[in-house]
There are 2 protein chains.
Amino acid sequence: MDIGNETGRAADNVVAMLEAKIVSGELEDQTPLPAERELMEQFGASRTVIREAISKLSSRGLIETKPRFRPIVRKPDYATVLHACGNVVQHLLTDKTGIKNLYDSRVFIERALVREAASSARKEDIVSLREALEENRKAIPDSNEFYRTDVAFHGVLYRIPRNPIFPAMHEGYTSWLAPQWDRMLRSPERNEVNYLAHKSILDAILERDPVAAEEALNNHLKAAWEFVRVTFDWGDE
Amino acid sequence: MDIGNETGRAADNVVAMLEAKIVSGELEDQTPLPAERELMEQFGASRTVIREAISKLSSRGLIETKPRFRPIVRKPDYATVLHACGNVVQHLLTDKTGIKNLYDSRVFIERALVREAASSARKEDIVSLREALEENRKAIPDSNEFYRTDVAFHGVLYRIPRNPIFPAMHEGYTSWLAPQWDRMLRSPERNEVNYLAHKSILDAILERDPVAAEEALNNHLKAAWEFVRVTFDWGDE
DNA sequence: TTGTAAAGTTTGGTCATACCAAAAGGCAAA
DNA sequence: TTTGCCTTTTGGTATGACCAAACTTTACAA
């Protein structure tokens, strides 16, 4: 059965067919695509359209392309979406306003997350949070390690709703936001402050107090932003 | 100053240069790109790489391409990001689980939004909400019109944080989620139910009662989901 | 036997050229 | 001014070629 009409671009048909083969598993995940010259025979199309199709699939995140290597098949997941958005998002982060908007949205989401955690975290979530916090504490002297455990702690919050969209959002936030500054202005003293902030968040969650949890998280992230803002002399809000 | 190194694909350089011309405004928003044969002269590249560059820019949302027409320049904004993600997201909505995840994330966000509205909506927000609700009420007999005002009412909620990311998310939700069913199972009776749900949400916001507002919204969206689920016989949760 | 270097083959990236059909633009007739 | 035809421009596609990098095989030496 053919995919669709014959109108429009020929490359779109190839895209659709390859798409189908990827989602159906006929083209296995993490395996290289056939050679371009083989695909053109397989689909009865010129290399021009095969290459265009490959380009489109790449930008849709269904395959990964390295400059001179065979494209690697990648079954779509939520992380793929974020990865695909990355290029576009980048344009919106060129000025302070864009970064602030993204950061504010993160604060907004995480406030809701900790509230959710405080009101309905399961036992295993609590365990994960405790473990993450402990890892966090132990890493205070090592800023690189602390950064990792810091991200991990917040990551636990994103996993509590059991909805894969949230961890994907977390990945987005950390990859688009953090590199801007997070790594460069760390010290054991700052780590200590952040650890204590995490601890107070967890404490509020343990108390099953959504209001306190939300406030603790809000304080934590607002303070972090304030620190960055002052350090980089970004002027008023 | 040149953009980057000479390694990798030649098309990437063209992409970068065109990108720069778009964000700088040298290529005006909403105007057509120069002809391909002109661009190849301008950049000293073959048509192959020009076309590849155009394809990449298109998938990044920086230009809009119709099959046989000149690409139209589009300055990147938050809506662009969503638009670019659309193609990828589509793959995650093929099964019930994907749709449910997206819907749940929407519920999660909107719960936080109405809470925010109840605790810190400004006067003009209240006015907008009242107006949107009134429009909603007047549209009860006309299902198509009701759909529009329904979306608009929720849209007001997304604009309250004054963060353009949220309206963009709203667009994403409505464009990815609604077409699945929203239009097909409407009736003046259902419209009435939904209108009343909106009204109770606004009432709670007017009372400055975040808990009630959140609960009202939760009931509203859960009921809507339940209705769809039963109608389509999607089995248990 | 095994590690490795050289030679040969495949394959992605790019270019030049050509053709077709649809869009755009110009021009004459109504 | 509007309508309809004709020419030019331009996007979509196909071929064929070439290069350099990646891959494979072969050959040789330890």
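Placed above this text is the structure.
Residues numbered from 1 in each chain as written. Chains lettered and ligands numbered in written order. Predicted model: local features only at pLDDT ≥ 70, side-chain atom pairs only at ≥ 80, totals over all residues. Heavy atoms only, no water.

## Digging into a negative patch on the surface
Here comes step 1: On the surface, a cluster of negative charge is made up of Glu28(A), Asp29(A), Asp77(A) and Glu171(A).
Here comes step 2: Tracing the backbone shows Asp29(A) in the loop between helix H1 (10-24) and helix H2 (36-43). (Patch = residues over 30% accessible without salt bridge, like charges linked within 9 Å, V, L, I, M, F, W, Y side chains within 5 Å. Areas by Shrake-Rupley, 256 points an atom, 1.4 Å probe, with all protein chains shown as cover. Salt bridge = Lys/Arg side-chain N within 4 Å of Asp/Glu carboxyl O. Lys, Arg positive; Asp, Glu negative; His and termini not counted. Charge placed at Lys NZ, Arg CZ, Asp CG, Glu CD. Helix = DSSP H or I, 4+ residues; strand = E, 2+ residues; numbered from the N terminus.)

## Regarding the packing of aromatic side chains
Here comes step 1: Under the defined criterion, the tally for this structure stands at eight aromatic pairs over all chains.
Here comes step 2: Plain terms: the ring middles of Phe166(A) and Phe108(B) are 4.8 Å apart, the flat faces sit at 65° to each other, and that makes the pair edge-to-face. Placement of Phe166(A) in helix H8 (residues 165-176) and of Phe108(B) in helix H5 (residues 96-120) is noted, with the two residues assigned to different chains.
Here comes step 3: The exposure class assigned to Phe108(B) is buried, which follows from its relative accessible area of 7%.
Here comes step 4: When the ring of Tyr103(B) is compared with that of Trp225(B), the centres are 5.0 Å apart and the planes differ by 35°; the resulting orientation is tilted. Of the two residues, Tyr103(B) sits in helix H5 while Trp225(B) sits in helix H10 (residues 210-231), which places them 122 residues apart along the sequence. The pair Tyr103(B) / Trp225(B) is uniform in exposure class, with both members buried.
Here comes step 5: In textbook terms, an aromatic cluster arises when at least three aromatic residues are bridged by ring pairs, as seen for Tyr103(A), Trp225(A), Phe232(A) and Trp234(A).
Here comes step 6: In this arrangement the basic side chain of Lys66(A) is found over the ring face of Phe69(A), its NZ or CZ atom lying 4.1 Å from the centre. (Phe/Tyr/Trp six-rings, centres within 6.5 Å; stacked < 30°, edge-to-face > 60°. Buried < 20%, exposed > 50% of the residue type's maximum accessible area, 1.4 Å probe, protein only. Lys NZ or Arg CZ within 6 Å of the ring centre and 35° of its normal.)

## A few points about the protein's contact with DNA strand D
Here comes step 1: In the neighbourhood of DNA strand D, 18 residues make up the surrounding shell, with Ala10(A), Ser46(A), Val49(A), Arg51(B) and Pro67(B) lying closest.
Here comes step 2: The protein-proximal atoms of DNA strand D, defined as those within 4 Å of the protein, are 61% sugar or phosphate.
Here comes step 3: Measuring from a phosphate oxygen of DNA strand D, one finds a backbone N or O atom of Glu36(B) at 3.0 Å.
Here comes step 4: In the model, a base nitrogen of DNA strand D is placed 2.8 Å from a nitrogen or oxygen of the Arg68(B) side chain.
Here comes step 5: At three residues, the largest contribution of residues to the surface near DNA strand D is made by helix H3 (residues 47-59) of chain A. (Near = heavy atom within 4 Å. Polar contact = N/O pair within 3.5 Å; in protein donor to acceptor, adjacent residues only side chain to side chain.)

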